[in-house]
Amino acid sequence: MVSVHRSHRVSLPALATASLVLVTLALALVFFVVPNDADQGFSQRIFYFHVSIAFTAYACFAGGAWKALVHLWKRDPRADLESYVAVHQGVIFGALVLITGSIWAKISWGHWWLWSEDQLVLFLVLFLFYCAYFMLRYSVDAGPQRANFSAVYALFGVVLIPVSFLAIRIAKSFIHPVVFTRSGPNFGGWMLAAYCVAQVAVLVLAYTLYRIELAGKRIDLRLRELRLA
Amino acid sequence: MTTAEKYVTAAYCAVFAVVLVYVVLIALKLQRLEREVDELERTGPKAAEGERETISVG
């Protein structure tokens, strides 16, 4: 029997409580404290969660790739499962980026989607690439071969993260706003504070959901092994 | 409510809805796992007893 259990320092109830408190605090800051943006007005409030969710999606894909590397390096079955769950989280948060981004685009640009925008298209490519990860994973029978294929695929995808992130910085013309430049963020005061809280809140929420899904997957795996034993 | 307010509300509701659906799906899965554990608990000892009865001794 292969053990996929791994002990964690922070308990799930503590993480869930932290997520709830941080998300509530972030929402309170976004809707009751942060002033309206001079250029975009009220609609700019989508930014705080849209950007936080985008960075969280990148973090999940990067985490999935890291666990994939660990799996290929050490042949650790726990790492394969963790890589799978991280990629799954990345796809969920990636879908949220596309939804919130489309809504923001509709208010700001008058279009739900613009195919001429490199940043949008590259993020969609990254999202679809990781959606295809599940097609690959479930087209191969469970076992070391599936784990190896999935790990290699997850590792390849990580190349798209910097490309997607840097797309608006290397583009000659764009309408997607750039808020983080080499000289720092283009905003400060309460706006920066609200963004930082929202970013931490979304990261903690993602990690909580990751741990919950991972716990479920481990129980499922152990049950299957018990049935076979 | 202005158009911008409606869109911002829609964006945050979409985030909430997706997270909620995800949590519901995980909860349903955990319920299924709980049922399977119960089933295994019920059938496991019986199967073991059955096996013991069929083994010939001596």
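In this text, all values refer to a predicted model and were calculated from it rather than measured experimentally.

Calculation notes
Residues numbered from 1 in each chain as written. Chains lettered and ligands numbered in written order. Predicted model: local features only at pLDDT ≥ 70, side-chain atom pairs only at ≥ 80, totals over all residues. Contact = placed C-beta atoms within 7 Å. Helix = DSSP H or I, 4+ residues; strand = E, 2+ residues; numbered from the N terminus. Nonpolar A, V, L, I, M, F, W, Y, C, P; charged D, E, K, R; others polar. Core = buried A, V, L, I, M, F, W, Y, C linked by C-beta atoms within 7 Å. Buried ≥ 20, exposed ≤ 12 C-beta atoms within 10 Å, placed from the backbone. pLDDT = per-residue confidence, 0-100. Expected span 1.5 Å × (residues − 1). Arc of directions from axis to C-beta. Axes fitted to C-alpha atoms, helices over the stretch in contact; angles between N-to-C directions. Left-handed = near helix turned anticlockwise from the far one by under 90°. Parallel < 35°, antiparallel > 145°, perpendicular 65-115°, else oblique.

## Regarding the interface of chain A and chain B
Of the residues lining the interface, 23 residues belong to chain A; the matching set on chain B comes to 19 residues. At the level of secondary structure, the elements contributing two or more residues to the side of chain A that touches chain B comprise helix H2 (46-74), helix H3 (77-108) and helix H7 (189-228) of chain A. It is H3(A) that contributes the most residues to the side of chain A that touches chain B, nine residues altogether. A breakdown of the residues in the side of chain A that touches chain B according to their chemical character gives 15 nonpolar, four polar and four charged.

## Topic: the nonpolar core
With 58 residues, the main nonpolar core has Ala26(A), Ala194(A) and Ala198(A) as its most contacted residues. Of all the secondary-structure elements, those providing two or more residues to this core are helix H1 (12-33), H2, H3, helix H4 (118-137), helix H5 (144-157) and H7 of chain A together with helix H1 (3-54) of chain B. Sorting elements by how many residues they give to this core places H7(A) first, with 14 residues. Discounting residues that sit within four places of it in the chain, Ala198(A) has contacts with Ala26(A), Val30(A), Tyr48(A), Phe49(A) and Ser52(A).

## Digging into the confidence of the model for chain B
Residues and elements named next belong to chain B. With 74% of its residues at a pLDDT of 70 or more, chain B has an overall mean of 79. This model gives residues 51-58 a pLDDT under 50, and the stretch forms zero contacts once residues within four places in sequence are excluded. Under the prediction, the complex receives an ipTM of 0.79, its pTM being 0.84.

## What about the environment of Ala206(A)?
Residue and element names in this part refer to chain A. Structurally, Ala206 is set in helix H7. Remark: the alpha-carbon pair of Ala206 and Ala59, spanning 147 residues in sequence, is separated by 9.7 Å. In this structure Ala206 touches Thr56, Cys60, Gln89 and Phe93, once residues within four positions along its chain are discounted.

## Quick notes on H5(A)
Residues and elements named next belong to chain A. Between its first and last C-alpha atoms H5 spans 20 Å; for 14 residues at 1.5 Å apiece the expected length is 20 Å, and the two agree. Residues of H5 that are buried: Ala147, Ser150, Ala151, Tyr153, Ala154 and Gly157. All buried residues of H5 fall inside an arc of 170° around its axis, so they share one side. Structural note: H5 exposes Pro144 and Gln145 on the side pointing more than 90 degrees away from its buried face.

## As for the packing of H3(A) against H4(A)
All names here are of chain A. Look at H3 against H4: their axes get within 10 Å of each other, and the N-to-C directions meet at 140°. The interaxial crossing formed by H3 with H4 has left-handed handedness. Of the residues in H4, those touching H3 at Tyr84, Val87, Gly90, Val91, Gly94, Val97 and Leu98 are Phe123, Leu124, Phe127, Tyr130, Cys131, Tyr133 and Arg137. Grouping the constituent residues of the contact of H3 with H4 by class yields eleven nonpolar, two polar and one charged.

## What to know about the environment of Leu96(A)
Summarising the element assignment, Leu96(A) is placed in helix H3. For the pair formed by Leu96(A) and Phe49(A), sequence separation is 47 residues and the distance between their alpha carbons is 9.6 Å. Not counting the four nearest positions on each side in its chain, Leu96(A) is found in contact with Ile53(A), Val15(B) and Val18(B).

## Side note on the packing of H2(A) against H7(A)
Residue and element names in this part refer to chain A. Where H2 contacts H7, the axes come no closer than 9 Å and their chain directions differ by 40°. Taken together, the axes of H2 and H7 lie oblique to each other. Crossing of H2 against H7: the hand is right-handed. Taking contact as the criterion, the partners of Tyr48, Phe49, Ser52, Ile53, Phe55, Thr56, Ala59 and Cys60 in H2 are, on H7, Ala194, Tyr195, Ala198, Gln199, Val202, Leu203 and Ala206. Across the contact of H2 with H7, the residue classes tally to twelve nonpolar, three polar and no charged.

## A look at the environment of Thr100(A)
Along the chain, Thr100(A) turns up in helix H3. Residue classification places Thr100(A) among the buried residues on the basis of 25 C-beta atoms within 10 Å. In this structure, Thr100(A) is in contact with Ile46(A), Phe49(A), His50(A), Ile53(A), Ala11(B), Ala14(B) and Val15(B), ignoring residues within four places of it in sequence.

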